[in-house]
Each structure stands twice: as structure tokens, then as C-alpha cells.
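If you want the building blocks of each chain, they are given just below.
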Amino acid sequence: MEKETSTLLGPLMADSLEENDSIVREYIISNGGSDIIDDKYISSILGDERVVISGVRGTGKTMILKVANEVIKKDLDYKLHYINEWDLDERDKKILPVFISFSGFKDEVSLQDESTLVDGEVRSIREIFRSYFFITILQEILGTIKNLKLDEEVEFNFFGLRTKFGIKKEIDKAIRDFKRKGFQEIVTCRKNGIDSGIKIKAFEGALNLGSTTEVKEILLNDMQKVSLFKETTDSICKTYGFDKVMFLFDEVHYLRYLQSEFFDTLFGFRGYNRIGYAISIYPAFMDYGDRFDIPDDAKEVPVSNTLYKPTKDDFERHLLNLLENRIKTYSKFKSIFDIITESVLKQLIVMLNGNPRMLLQCVDYLYRNNGQGKVSDFNQSEILDIANKWYVEYYKKQAKRYKTSPERAKQFLNVITDRLKSYNVRNEKATVFFALSDEICDEYTETIDLLVYSRIIEKIKLSSFGGQEGIKGVLYSLTPIVGCYYSIFTNKQISALPECVKYCIDKDNKIQFSSSVRFNREVGTINKNDCPRAEEGNCVDYKCKGTYSENWTICPFTGMSLKVIKKTSREIDINVLDLSDRLMKRLREANINTLHDIISNGKSGLQKIQYIKQVRANMIYDLTKEYIDDNL
């Protein structure tokens, strides 16, 4: 029977879910209740003006933002259309939600690599980005107003131009021109004193401000002015009766090196009460390990990988509800237990650390691997395949982001897993918990960040080691399926893993690493070579160990070129996406053979292909985006 990837449980990523009531229905409420308003993540966005939602991939950050968007939109619609103004008090705020995802930003607008720029160009790029950022935000504001079916004939001030809603057509055109040209061409135009041609002209029927200087067009330089952006936001809010605009920024990591400019812009909104925002980020979220402080008026709300803690008696119930909703929506089955037994499913939830996306992916994988028959067990080879493909190989590819090496991470993991294995041999109840002293955490920050990002370990809480020394540290858990890969459990312990994990966290059963000296001795001396040519076997000198800079183009010790030529999306075949045979055939028949072909066609283009409708198109597009982000 031909395997399928999209009809069983629906999209694996929230980006593929349309923004409507179904999103709210598919959201797993974190507190176990039924009222979405009381959910700790949604309530943090509704209750605070500025929030940063942090967590590793697959924990539901995008889902949180999309659900918050729907909740705020529904509240605004009610206050605008279904209740009298005099029945509202000063606590009833009219908030306009605007969801903005930067997924695909580097493909559509940005340069691939900052290293291709000289210093003067970096400054220009950041100024141009601010123009793009502001104009995109305003485009989304007007688009949201249109979707809410509000009056489009009223007047407002747009960057000094007194105009009406029809200005949106000019904004759309400017953004299309921006994406078509790209940053490099626009920077080149600025350097050569050439007009880039990106401007917003007053459309027919626009009004002037009645001043001596009539505003007829808004140039690219005008679009980056914070004062004009605030004036425009004020005018739109007053015109439509909004108290503020709540921006929901997703996939900020796609901004790459321009993240610093994004956060600098947000710093500029301090004290400005017309704007609130929620941002989804990774715990250590900047490309290649660079870190920027979040705005000091923002509250950070972490979304744990182990979102449903084993300390809760019903922690499985939330994920079971997710799967039940998905199976009824996207498949012919009436219950998730038609395709997998309850005992196996609960075991998977624990083995995958409760990560929603990984659970969807794993159930789908086991079902297809079982010939689309009911999953009543899983074998060792399947577990090893999952752990290797989705965890071990993943962290190896991501090591450079965190200024560490795969070898260092591997040896770090070996120390942890060897000690866990030794503990589990001696004790009936297996543990996956380990505590690292603050000293060890400081010394191995980059490696720990890498392993957290790759979902291999998870920070649980601050920890005390007890005793007279008063050693402080952090409690972590090793994702159990990775523990299986490293053979830290006996067969008996694997079958009883849910009970073991619950027992150990309740009893605080863990291994402890308090001595930095001993830990370093166990890790051992690593012959680390960060040269970008090392993987090619062309690095001939280790003198630069510890001093290598990514800005080098020539090795100062050998004179060797350090330029790395990477494959582009135009050169990578679609077979890397592991799609079904039928989908591959349909794509190739439509002359779509590379990742670039998928990105160029977009979701709407993919939907024109026979057999590929909205759900499949979204799934293919998002898988492609994820592959490009991980590997290119």
C-alpha cells in the first residue's frame, strides 16, 4: 500500500493551519482546563503589553501566537459590532491583532550572508530593513482591518500623507518591488546615488494635509522614520477606535543577522502605549550563537519542551486530545486508538518529552512503517532510526550555530549517558534527570544551548546539590528516546518508562555533576578544529584553534582560502523531503525538481498541481522551509 504523509494527522507545523476557529479547537490548553482565556500562555499575551515566548522547536510557539491572534480578533469583533460603546468601561480595550511571520524572509528579501557585505553596506542594509519592516507592518494592519470588514472610506494620516484605505494598493506595489529587487540591488542603488524606484505615491482620491508643503509621495528613506511610523499608527488607531495594536511576531530567527535591527526597533517603542507585541524565539535564538537582550520592558514566558510535566497525573490527556482532534479532522478514523494502542501512545509521549510536533511526526512514522496497520508495539530499530534521524544527526548539523563542535557535544553526552546508564543498572526505577553545577553550566554554555535547541536535553528547574558546600546548579532531563539510543535503560525499564519518569521526578532521583574539574577530566581533551575547510579534509594547520573568526576569508596561518561554497536550494533535489511516492511523482510531472522550485511556486502554486490541495501544499512548503533553515 502506498505510504502517505499528510492525510492521517494533518500538518506537523502550525504554519500550515489556517487562522480560524479550528486553530483554537486544536490548541492544547496548558492548565488542563477548558477556558482558553485562562491558559497560562494565552493569558500572558492578553495580560501583558510585551511578551517573549521562548522555547525549542515543536513546543507550540507558533500555535500560541496564532491562537492569541484569533482570541484577540474575536474580542475586537465583538466590541466593534455586537456591544454598545456605552456598555464598555475603561478596562475594555479594543486591541487590533496583527500576526506577522518572517518565515521565508531570507529567500524573499534578505541577503543570504552578512560576510558578503562591507561595513558601510551593513549600515545601509539595516536602515533599508527598518523601512521594509515598518511598511510591512502597516500593510498587515490594513489587511487585518479589511478582513474585519471595517469602513474603508475614512481618512487617516499615512507617513504624512492624508489618505484613505485605497493607499493599500500602493503599499502592496512597493513591497512587491522591494522583494523583486532585494537588498543587494537596493544597497547598490544607494551607493551609486540612483533612485531605487521604491516609493508610495498618492493614489487617485488622496487628500493633502492642507499645509504649504503637499505630500505627494513617500520615499524609501521616509519609511524608516520612527516618528512618522508612530504618527501613522496613532492616526489609524484614532480613526478606527483602537486602543492599541498587538503585533504577534513569529519565526524571528529567519531574519538572520538583521535580528539585531529588529530588536533595536522594538527598544524604540518603550513608553509608546499604542504598540504591544508577543515574539516567538528560541532559548538561545540568534544565528551562530550571537545573543541580544530582549527589550527590558518585555516579559519572557518560556514554553518548556516537557510542556506536560510528568508530575501532573493527567499530563498525557492534553496530547491525547490533540491527536484525537487531528485524527477526526484529517483522516477516515474515528479515534486515535484505531491506529495505535493507548499504552504505546503514552509511552511515546514520555519518550519524546511531550513535544507536540515530534509526537505527531512519530505516530505518523510508526503507522506508515507498520504498513498502515494499527501500531501495538515498536521495535528497537525504529527507535534507533527516530533518535538518530531527528535528534543525533540534527545536533551535528546545528553545532556551528553555537560556536561548538559535534565532537565536543558528543563527548559531553557520553559523560551524561554513561553516568545515567550506571545509575539505572543499580536502580529499579530508571531516571533521565541530571543536575549540573553553575560552574559546569558556565563552562559548557554553548554545548548545552546546542543540545537544548536540538531537543536532546531540557532545562527543568534550578537545583540545589545539598550538603555544606551549598552548590547551586540546574536540573536537566535527557530526552528518553535519545537515552534509548545510548542504551541507558534495561528492556524492563523501557516498558515501564512512564511510571519510572513520574516516580523519579516526584522523588527527585537524579545524578549530580558538581565538580567542574572531574567533569572536564571525564569529557577529556578534544582536538577541536573549527576551520570551515576541515569537513572537506583541506585544513592543514591547527594553529588557529580557538582563534578562528568567521569573518576571515584567508587563513592567517596558511594563506589558504576559507571560502566555503555551499549548495543552494537550486541544487538540492526534492527527494531530501522524504515525501510519498505519489507526491514526488506529481511534483516532478509539474517540473518541480528542486527546493527552489517549491519556494518559487509558493503554496498557491503547489495547490494548482493535481492531487495537491491546501493541506498537502502547506505541508510540502513548510517542510521545504524547515529543511532550508536547518541545512543551508
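Further up the page is the structure itself.
Residues numbered from 1 in each chain as written. Predicted model: local features only at pLDDT ≥ 70, side-chain atom pairs only at ≥ 80, totals over all residues. Heavy atoms only, no water.

(A) Up close: the overall build of the protein chain. Secondary structure assignment for the protein chain yields 22 helices and 13 strands. Counting all 632 residues of the protein chain, 54% fall into the buried class. Here the analysis covers contacts within the protein chain between residues at least 6 apart in sequence; of these, 73% occur between residues at least 24 apart. For the protein chain, the accessible surface area stands at approximately 28,800 Å², while carbon and sulfur atoms represent 45% of it. (Helix = DSSP H or I, 4+ residues; strand = E, 2+ residues; numbered from the N terminus. Buried < 20%, exposed > 50% of the residue type's maximum accessible area, 1.4 Å probe, protein only. Contact = heavy atoms within 4.5 Å. Areas by Shrake-Rupley, 256 points an atom, 1.4 Å probe, with all protein chains shown as cover.)

(B) Quick peek at the sheet that holds strand β13 (residues 511-513). In space, the 4 strands of this open sheet follow the order β11-β12-β10-β13, with mixed pairing throughout. Because the sheet does not close on itself, it has two edges, and the strands there are β11 (457-464) and β13. Ignoring which end each strand starts from, the neighbouring axes of this sheet average 25° apart. Of the strand pairs in this sheet, strand β10 (residues 433-437) and β13 are connected by 3 bridges, and their pairing is parallel. The partner of L436 across the bridge, within β13, is F513. Sheet contacts for helix α13 (residues 406-426): β10, β12 (472-478) and β13; angle to β13, the most-contacted strand, approximately 145°. The strands that helix α15 (residues 445-453) touches are β10, β11 and β12; relative to β11, the one it contacts most, it runs at about 125°. (Pairing = 2+ DSSP bridges. Axes fitted to C-alpha atoms, helices over the stretch in contact; angles between N-to-C directions.)

(C) Here's a closer look at the nonpolar core. One finds L436 and F519 to be the most contacted residues of the largest nonpolar core, which totals 86 residues. With sequence-adjacent residues up to four places away left out, F519 is seen in contact with F412, V415, I416, L436, I440, Y444 and F513. In terms of nonpolar packing, the next biggest core, distinct from the first, is built from 63 residues, F102, I141, C237 and L258 among them. (Core = buried A, V, L, I, M, F, W, Y, C linked by side-chain atoms within 4.5 Å.)

(D) Representation of the packing of α13 against α15. Between α13 and α15, whose axes approach to 10 Å, the crossing angle comes to 80°. Regarding the angle of α13 to α15, the classification is roughly perpendicular. Taking contact as the criterion, the partners of R408, A409, F412 and L413 in α13 are, on α15, T447, I448, L450 and L451. Within the contact of α13 with α15, the residues separate by chemical class into 6 nonpolar, 1 polar and 1 charged. (Parallel < 35°, antiparallel > 145°, perpendicular 65-115°, else oblique. Nonpolar A, V, L, I, M, F, W, Y, C, P; charged D, E, K, R; others polar.)

(E) Local environment of unusual backbone geometry. Despite not being glycine, E251 shows a phi value in the positive range, around 55°. By secondary structure assignment, the location of E251 is in the loop between β7 (244-250) and α8 (259-267). Owing to a relative accessible area of 16%, E251 belongs among the buried residues under this scheme. Phi is positive for R455, close to 70°, though the residue is something other than glycine. Inspection of the secondary structure assignment puts R455 in the loop between α15 and β11.

(F) Seen up close, helix α6 (residues 167-191). The first and last C-alpha atoms of α6 sit only 29 Å apart over 25 residues, clearly below the 36 Å expected at 1.5 Å per residue. Maximum bend of α6: about 90°, positioned at G182. (Expected span 1.5 Å × (residues − 1). Bend = angle between axes of the 7 residues up to and from the residue.)

(G) View of the pairing of β10. Burial of β10 is extensive: 5 of the 5 residues sit out of reach of the surface. Burial along β10 is two-sided: F433, A435 and S437 facing one way and F434 and L436 facing the other are all buried. Bridge count for β10 against β12 is 5 bridges, and the pairing is antiparallel. Of the residues in β12, the one forming a bridge with A435 is L475.

(H) Structural detail: the sheet that holds β7. Read across the open sheet, the 5 strands follow the order β2-β7-β8-β1-β9; overall the sheet is parallel. Across the chains shown, the open sheet's two edge strands, defined by having one partner strand only, are β2 (95-101) and β9 (299-302). Sheet twist, expressed as the average angle between the axes of neighbouring strands with direction ignored, equals 15°. Bridge analysis of β7 against strand β8 (residues 275-281) gives 5 bridges, and the strand direction is parallel. Paired with V245 across the two strands is I275, which belongs to β8. Sheet contacts for helix α2 (residues 40-47): β1 (50-54), β7, β8 and β9; angle to β1, the most-contacted strand, approximately 155°. Sheet strands in contact with helix α3 (residues 61-81) are β1, β2, β7 and β8, and its direction is about 150° off that of β2.

(I) Representation of the environment of S463 in the model. In this structure, S463 sits in strand β11. Considered as a pair, S463 and G473 are 10 residues apart in the sequence and their alpha carbons are 5.0 Å apart. Residue contacts for S463: discarding those within four places in its chain leaves A435, I471, K472, G473, V474, L475 and K510.

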